[in-house]
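What follows is the residue order along each chain.
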Amino acid sequence: MSESMFKEVETLYEKMVETRRYLHQYPELSFQETETAAYIADTYESLGIPFQKNVGGNGVIATIQGGRPGRTVALRADFDALPIQEENTHLPYRSRNDGVMHACGHDGHTAELLGLAEAVWKYKEELPGTMVLVHQPAEEITPGGAKPLLETGALDHVDAVFGTHLWTNTEYGTIETARGPFMAGADAFEITVKGKGGHGAQPHQTKDAIVIASDIVASLQQVVARRIDPLKTAVVTVGTIQAGKAFNIIADQAELSGTVRTFESEVQETIRGEMERITRGICEAAGADYHFSYNIGYPPVINHEDEADLVLKEAPHADSSLSTREVDPSMAGEDFSYYLQKKPGAFYFTGAKLPEHDFPHHHPKFDFDERAMLHGAKTLLQVFLSYQHKYSS
């Protein structure tokens, strides 16, 4: 039975590529993915697969009720893009939407899940349990699409949830995950320093916002180094500094922004408090004012041990060329964390590294090995079937 499904997935590979390349040409930003959502819904309608649309926003959820008894398992893919101008000018399927690009593989996630759905639908009478195919919008920007989708109650009946991310840091043919913490919680912060500007030749009459901001940046590096237990994991990164308008004018204001990555709420709270304390102290010492804003982002992705173990042990059965390995947690963030707070499940990386193309996720020249979509679809199917077998009565 399952052999037929896997072979059907393989026959649909070229269609997955076609779908991915179409979606790559027409990317849409988070919370604006109306045309992509319509494309997904139209695909399910054409296949005759029951689905819901506008779930928690632009979400689309399809359901395949198997002909054999079993559990209800959700498989998730995201479909939003990023505000990046694509630089892959040599690609015939490069983005046609100026300033918007699928630079993280979400077009591939959508294509592989649609391909899997079509393959399984053909053999639905032989399928154990129920497969719920979750197409989630807005993964890239907090508050994200997972939380509002879950708040609709559309997945309350689900027994477990799995998802995968095409990952170009990992070699093609390798599946990676971890039992427990897998991806970090991702927060954002903004700091505005309000000083007093003036002539570049008369610094004694000013409160130089750039110098004050520079002191803050340097001191923030001490938070992890000197305020957090060395056995804990955390990152504080200042990503932007905006200040000044001319070479001979001392800036009156400087704006900083960045991200904090943690795995534990206690560490998160310590960092948040220390950052504001440092900012306040430096600004007060310089006679400047400030504004500090800290925005809680996605929680960390904490895989459930049994489900992650199932991925590590069973995924290789999907394809003889696949191998799995348990890895240290990544400091990248993902709103798949919200699913794992409500349901047992696991998230894993599907290796999609392109030889001779070393551009990371969120880069204007990002691309991935399209063959990895087949691995993504087949491992999701394998995990689904293995879960059914493990928990069948």
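Bear in mind that the values here come from a model prediction, so they are computed numbers and not experimental data.

A word on the sheet that holds strand β3 (residues 68–78). The eight strands lie next to each other as β1-β2-β4-β3-β5-β16-β6-β15, forming an open sheet whose pairing is mixed. Edge positions in the open sheet fall to β1 (51–55) and β15 (323–326), since each of these has one partner strand only. Between one strand axis and the next, the sheet turns by 25° as a mean value, whatever way the strands run. The pairing of strand β6 (residues 174–177) with strand β16 (residues 345–351) spans two bridges and is classified as antiparallel.

All right, on to the packing of aromatic side chains then. Using the criterion set out here, one finds 12 aromatic pairs in the structure. Measuring from centroid to centroid gives 5.0 Å for Y22 and Y39, while their planes differ by 20°, and the two rings are stacked. With Y22 in helix α2 (residues 13–25) and Y39 in helix α3 (residues 34–47), the pair connects residues that are 17 residues apart, well separated along the chain. Here Y22 falls in the partly exposed class, since its relative accessible area comes to 39%. The exposure class assigned to Y39 is partly exposed, which follows from its relative accessible area of 23%. Among the aromatic residues, those joined into a ring-pair cluster are Y22, Y26 and Y39. A cation over an aromatic ring shows up here: K124 above the ring of W121, its NZ or CZ 4.2 Å from the ring centre. We note R371 situated over the ring of Y172; from NZ or CZ to the ring centre the distance is 3.9 Å.

Ordered in space as β10-β12-β8-β13, the four strands form an open sheet in which the pairing is antiparallel. Strands at the two margins of the open sheet, each flanked by one partner only, are β10 (234–243) and β13 (289–298). Strand after strand, the sheet turns through a mean of 15° between neighbouring axes, direction not considered. Pairing analysis gives nine bridges linking β10 to strand β12 (residues 253–262), with the strands arranged antiparallel. For T237, the partnering residue across the bridge sits in β12 and is T259. Seen against the sheet, helix α6 (residues 209–227) touches β8 (185–194), β10 and β12 and runs at an angle of roughly 170° to β10. Those strands touched by helix α7 (residues 265–286) are β8, β10, β12 and β13, and its axis lies near 165° from that of β13.

The topology assignment puts D159 in the loop between α5 (146–151) and β5 (160–167). Spatially, the C-alpha atoms of D159 and K343 are 6.8 Å apart, while their sequence positions differ by 184 residues. Discounting residues that sit within four places of it in the chain, D159 has contacts with R71, T72, P344 and Y387.

Looking now at α6. With 19 residues, α6 should reach 27 Å at 1.5 Å per residue; the first-to-last C-alpha distance of 26 Å fits that figure. Close packing links the buried residues of α6 with β8, β10, β12 and α7.

Enumeration over the complete set of coordinates arrives at 23 salt bridges. For D309, the salt bridge goes to R179, with nearest N and O atoms at 2.6 Å. Here D309 is found in helix α8 (residues 305–314), whereas its partner R179 is found in the loop between β6 and β7 (181–183), with 130 residues between them in sequence. Since its relative accessible area comes to 31%, R179 is described here as partly exposed. With its nearest N and O atoms 3.0 Å apart, the salt bridge here joins R227 to E274.

A separate point is the nonpolar core. If you look at the biggest cluster of nonpolar residues, it comprises 60 residues, and the most contacted ones within it are Y44, I64, L116, M131, F162 and L381. The biggest single contributor to this core is helix α10 (residues 372–391), with 10 residues. Setting aside its immediate chain neighbours within four residues, Y44 contacts I49, F51, V60, A62, L113, L114, A117, L133 and H135. In terms of nonpolar packing, the next biggest core, distinct from the first, is built from 25 residues, V193, I216, A254 and L256 among them.

The end-to-end C-alpha separation of α7 is 32 Å, in line with the 32 Å expected for 22 residues at 1.5 Å each. Within α7, the full set of buried residues consists of V267, Q268, I271, E274, M275, I278, T279, I282 and C283. Projected onto a plane normal to the axis of α7, the buried residues spread over an arc of 150° and lie on a single side. Of the exposed residues in α7, those oriented more than 90 degrees away from the buried face are S265, E266, E284 and A285. Buried residues belonging to α7 abut β8, α6, β10, β12 and β13. Two residues or fewer past α7, G287 is found with a positive phi of approximately 75°.

In terms of residue burial, β16 counts as a mostly covered element, since seven of its seven residues are buried. Going residue by residue along β16, you find G345, F347, F349 and G351 tucked away on one face and A346, Y348 and T350 tucked away on the opposite face as well. Summarising the sheet, β5 and β16 pair through seven bridges and their orientation is parallel. Bridge pairing in β16 places W167 opposite G351.

The rules behind these values
- Residues numbered from 1 in each chain as written.
- Predicted model: local features only at pLDDT ≥ 70, side-chain atom pairs only at ≥ 80, totals over all residues.
- Heavy atoms only, no water.
- Pairing = 2+ DSSP bridges.
- Helix = DSSP H or I, 4+ residues; strand = E, 2+ residues; numbered from the N terminus.
- Axes fitted to C-alpha atoms, helices over the stretch in contact; angles between N-to-C directions.
- Phe/Tyr/Trp six-rings, centres within 6.5 Å; stacked < 30°, edge-to-face > 60°.
- Buried < 20%, exposed > 50% of the residue type's maximum accessible area, 1.4 Å probe, protein only.
- Lys NZ or Arg CZ within 6 Å of the ring centre and 35° of its normal.
- Contact = heavy atoms within 4.5 Å.
- Expected span 1.5 Å × (residues − 1).
- Salt bridge = Lys/Arg side-chain N within 4 Å of Asp/Glu carboxyl O.
- Core = buried A, V, L, I, M, F, W, Y, C linked by side-chain atoms within 4.5 Å.
- Arc of directions from axis to C-beta.

Limitation: the analysis is restricted to geometry and does not speak to function.
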